[in-house]
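# Residue-level structure breakdown
Residue-level listing of the chains:
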Amino acid sequence: MPVTAVLILAAGTFAIRLAGPLLRDRVTLPEKVRELMSASATVLLLALVAVSALTNGKQFGGWALAVGVAVGGLAAWRKLPFVAVIVLAAVTTAGLRLVGVA
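The present account deals with the structure reproduced in this document. (Residues numbered from 1 in each chain as written. Predicted model: local features only at pLDDT ≥ 70, side-chain atom pairs only at ≥ 80, totals over all residues. Heavy atoms only, no water.)

## So, the overall build of the chain
Quick note on the threshold: Every helix listed is a DSSP run of H or I at least four residues long, and every strand listed is a run of E at least two residues long, numbered separately from the N terminus. Using C-alpha atoms as the atom set, the radius of gyration is obtained and then compared with a globule rule of 2.2 Å times the number of residues to the power 0.38. Throughout, exposure labels follow a simple rule: accessible area from a 1.4 Å probe, protein chains only, divided by the maximum for the residue type, with under 20% read as buried, over 50% as exposed, and the rest as partly exposed. What makes two residues a contact is simply this: any of their non-hydrogen atoms within 4.5 Å.
In terms of regular secondary structure, the chain is built from 4 helices and 2 strands. Taking 13 Å as the expected radius of gyration for a compact globule of 102 residues, we find that the chain reaches 20 Å, considerably beyond that expectation. Expressed along its principal axes, the backbone C-alpha trace of the chain runs to roughly 60 × 40 × 25 Å. Counting over 102 residues, the chain shows a buried share of 11%. When contacts within the chain are restricted to residue pairs at least 6 apart in sequence, those whose partners lie at least 24 apart make up 43%.

The structure is reproduced here in structure tokens:
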């Protein structure tokens, strides 16, 4: 990637990040819009998790991976420590693959 493209992207990113604090007091959003934005951010995050966790390339990642993600999600929902969530999800996926679940 050319250096000029990197500099243009960096300047644009900086401008967008700077716009938030500068416009915070000047723009007021209705409560309905705030709720909608919050819900849409959650939906986008869940969609990203689903796609990245349940697929391997362009294919379904297999049932072992899906169950491992579900166990990790349940552990996170139960507010277990982050390391415990990761370990539980990995052990579940590895255990299922060890017994032959694809």
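Next comes the rest of the description.
## Description of the packing of helix H3 (residues 63-77) against helix H4 (residues 82-98)
We count it as follows: Only the stretch in contact is used when a helix axis is fitted, and all axes are lines through C-alpha atoms; the angle between N-to-C directions ranges over 0 to 180 degrees. Any angle that is under 35 degrees is reported as roughly parallel, and any over 145 degrees as roughly antiparallel; angles of 65 to 115 degrees are reported as roughly perpendicular and all others as oblique. Helix crossings fall into two classes, left-handed where the near helix is turned counterclockwise from the far one by less than a right angle and right-handed where it is turned clockwise. When residues are grouped by polarity, Ala, Val, Leu, Ile, Met, Phe, Trp, Tyr, Cys and Pro land in nonpolar, Asp, Glu, Lys and Arg in charged, and all others, Gly among them, in polar.
Where H3 contacts H4, the two axes come as close as 8 Å, and the packing angle between them is 155°. Compared by their axis directions, H3 and H4 come out roughly antiparallel. When you trace H3 past H4, the crossing you get is right-handed. Here H3 contributes Ala 64, Leu 65, Val 67, Gly 68, Val 71, Gly 72, Ala 75 and Ala 76 to the contact with H4, which in turn contributes Val 85, Leu 88, Ala 89, Thr 92, Thr 93, Leu 96 and Arg 97. Taken together, the residues of the contact of H3 with H4 break down into 10 nonpolar, 4 polar and 1 charged.

## Considerations on the environment of Ala 75
Take Ala 75: it is sitting in helix H3. Distance in space between the C-alpha atoms of Ala 75 and Thr 4 is 45 Å, their sequence separation being 71 residues.

## Description of a nonpolar patch on the surface
Worth spelling out the cut-off: Each patch is built from salt-bridge-free residues with over 30% relative accessible area, joining like charges within 9 Å and nonpolar side chains (Val, Leu, Ile, Met, Phe, Trp, Tyr) within 5 Å. With residues, only the protein chains shown are counted as cover, and all accessible areas are computed by Shrake-Rupley using a 1.4 Å probe. Any carboxyl oxygen of Asp or Glu that lies within 4 Å of a side-chain nitrogen of Lys or Arg is treated as forming a salt bridge with it.
On the surface, a cluster of nonpolar side chains totalling about 720 Å² of accessible area is made up of Phe 14, Leu 18, Leu 22, Leu 23, Val 27, Leu 29, Val 33 and Met 37. Counting only elements with at least two residues in the nonpolar patch, the list comes to helix H1 (3-23) and helix H2 (31-54). Considering every element that reaches the nonpolar patch, the biggest residue donor is H1, with 4 residues. Here Leu 29 falls in the partly exposed class, since its relative accessible area comes to 39%.

## Some words on unusual backbone geometry
For residues besides glycine, phi is generally negative; the peptide bonds are generally trans as well. With phi around 65°, Lys 79 is a residue other than glycine that occupies positive phi space. Structurally, the position occupied by Lys 79 is in the loop between H3 and H4.

## Topic: the packing of aromatic side chains
For the record, the criterion: Under the pairing criterion, centres of Phe, Tyr and Trp rings, with the six-membered ring standing for Trp, must be within 6.5 Å; the plane angle then separates stacked pairs below 30 degrees from edge-to-face pairs above 60, leaving the rest tilted.
Overall, the coordinates contain 1 aromatic pair when judged by the stated rule. Pairing Phe 60 with Trp 63 gives two aromatic rings, centres 5.2 Å apart and planes at 65°, and the pair type is edge-to-face. A residue is classified by how much of its surface remains accessible, and Phe 60, at 46% relative accessible area, is partly exposed. Take Trp 63: its relative accessible area is 60%, and that puts it in the exposed class.

By themselves, these figures tell us nothing about what the structure is for.
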